[in-house]
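# Geometric and topological summary
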Amino acid sequence: MPRTLDEGKRRERVLRLIQLCRTAVERGVDPFEVDVKDMLDLLNRYLPGWRDLDELSLDAEALNRLAAVIELQGNWIRYRCSLLYVDPLVVEFKVRALDASTLFNDFVRAWRPVLEYEQLSPQQIKEAVEYWNRLPSLAERLRRLPRAPWIRPSRMSLDEMLQLGVFSAQGFEQVLSELAAELRDRTEREGSVTYWGFIYSDTYEETVRRAYLTSFLITYGYARLELRGLDEEAYLRPTPAEGPSPEPQQPSSFAMPVDYETWLRLSEARRLE
Amino acid sequence: MSDEAAAYARRTKRAAQLLFFQRHRRPGVKGWELKRTLGRNYMKVIELLDQELGKLGLEIKVLQEEGQPLEKPSPEELDRALFVIRLREPLTATDARLSGWRIDDVAALAATVAYILSRQGKALQRDVERLLETKFPGWVVQYALERFLRRGYLTRDESGMLYLGWRSRAEIDQKLLLNLIMGEEPPRAQEGAPTDMEGSRAPMTP
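Here we summarise the structure given alongside this text. (Residues numbered from 1 in each chain as written. Chains lettered and ligands numbered in written order. Predicted model: local features only at pLDDT ≥ 70, side-chain atom pairs only at ≥ 80, totals over all residues.)

### Quick word on the overall build of chain B
If you tally the helices and strands in chain B, you get 10 helices and six strands. Each of the 206 residues in chain B was classed as buried or not, and the buried ones make up 34%. Residue pairs at least 24 apart in sequence account for 62% of intrachain contacts in chain B once pairs closer than 6 positions are excluded. (Helix = DSSP H or I, 4+ residues; strand = E, 2+ residues; numbered from the N terminus. Buried ≥ 20, exposed ≤ 12 C-beta atoms within 10 Å, placed from the backbone. Contact = placed C-beta atoms within 7 Å.)

Below you can see the structure in the form of structure tokens.
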């Protein structure tokens, strides 16, 4: 169902709230800059209007982020009550105003360095001598190593190379184009498809191959990877143009582990369906 | 000397060897290592050694893994704790300079630690750089920060946030440093320590 303008605005506002909370937590800014009560009232007003799972996930994420801010506010108060609290701006001002010599003298008065000797002890020398005496020569150690069987170089046929996967019968570009076409077909109705839903195949090897090729689809701009919801589930969306987009606006990288356990779980789920 | 006293003297000597000579990447010895080498009542040996070291102006400090001092630790905490030897009293400015530290590097470390402390123990590296670059050239700042990170005075996460490292917690009296910088402690008479920014660059190997 298409979203109304109001729904779009509400969604945007909640996204801004999440971003604000994230900034407060990650940048270490004053957490009291976030008006938690106001934000909770806002979420409370919007809640009855949320309909689909995406929107409810967004609401849960916003609550989660607000909880993190409240925790930060608690820590902030505890820190301000502690003996170590001094106004950061005053400290910065003082540090800027002091010369290097004064800072040096202040630091030395508060500094009690740990002692360490980076040299050999008599015990270590004794152990080293014993080790040296026990150690066989390099030639002797090499003689004890198992030898790999000697294989005479020989020719390999094209069929054998195809079988080993060294060569492909199709060109790489052609394989990518076919995969891009498949992605467009599968997203014709919904607009996007889950990443795992797209790369999944009956065998793990083929799933890995499709994941590998899909990474090129994204890199070359044939498709976009979107992370949605609290658990940041990955979705693939083909780019609107026929060919690859000339230049991505904000290049970023994201690691997608294609592990055997996840493939097994999916395989089992599909078998039960 | 009784047999018991002689045994303790031997073990105290062994404990000093263990604690003085660096065995791992980090200085210090773990409690369980001391127990293995010195026996079950190793804390008695450590106390004896601490008394001897006290005469030399040194002390044995028991630290947590992250560098915070351990107060009244349990036997289990002692096993995991790190035992280090450090100065009982602060160095004089002259001695600190002779130990190979450049004044500018120490000043940068003082400013960095104070800045991070005032921000609840974390600050973005680029904010610290901006502060230090008001006094030192960019390349000096970069070099100094990397040195502090390597030595364990700072740690950095993948988002470029700087935190105090184990060594800052183990070696620096944080409250005193902040008080001194804020001018709340009367300055002690110190010898003049002019900046050596323009001077020759001596290696900084404390």
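Here the narrative resumes, following the displayed structure.
### Topic: the overall build of chain A
When you go through chain A residue by residue, the secondary structure sums to 12 helices and three strands. Put simply, chain A has 273 residues, and 16% of those count as buried. Partitioning the contacts of chain A with sequence separation of at least 6, the portion at a separation of at least 24 is 63%.

### Digging into the interface of chain B and chain A
Contacts between chain B and chain A engage 51 residues on the former and 34 residues on the latter. Listed by contribution, the elements that provide at least two residues to the side of chain B that touches chain A are helix H1 (3-20), strand S3 (82-87), helix H5 (93-98), helix H6 (103-118), strand S4 (122-124), helix H9 (166-171) and helix H10 (174-182) of chain B. Looking at the side of chain B that touches chain A, its residues break down into 33 nonpolar, nine polar and nine charged. (Nonpolar A, V, L, I, M, F, W, Y, C, P; charged D, E, K, R; others polar.)

### Quick notes on the pairing of S3(B)
Residues and elements named next belong to chain B. Of all six residues that make up S3, five are buried, and the element is covered over most of its length. Across two bridges, the pairing between strand S1 (residues 29-30) and S3 is antiparallel. From the neighbouring strand, Lys30 faces S3, where its bridge partner is Leu82. Sheet topology places strand S2 (residues 58-63) next to S3; six bridges connect them, and they run antiparallel. Each residue of the ladder has a partner; that of Lys61, found in S3, is Val84. (Pairing = 2+ DSSP bridges.)

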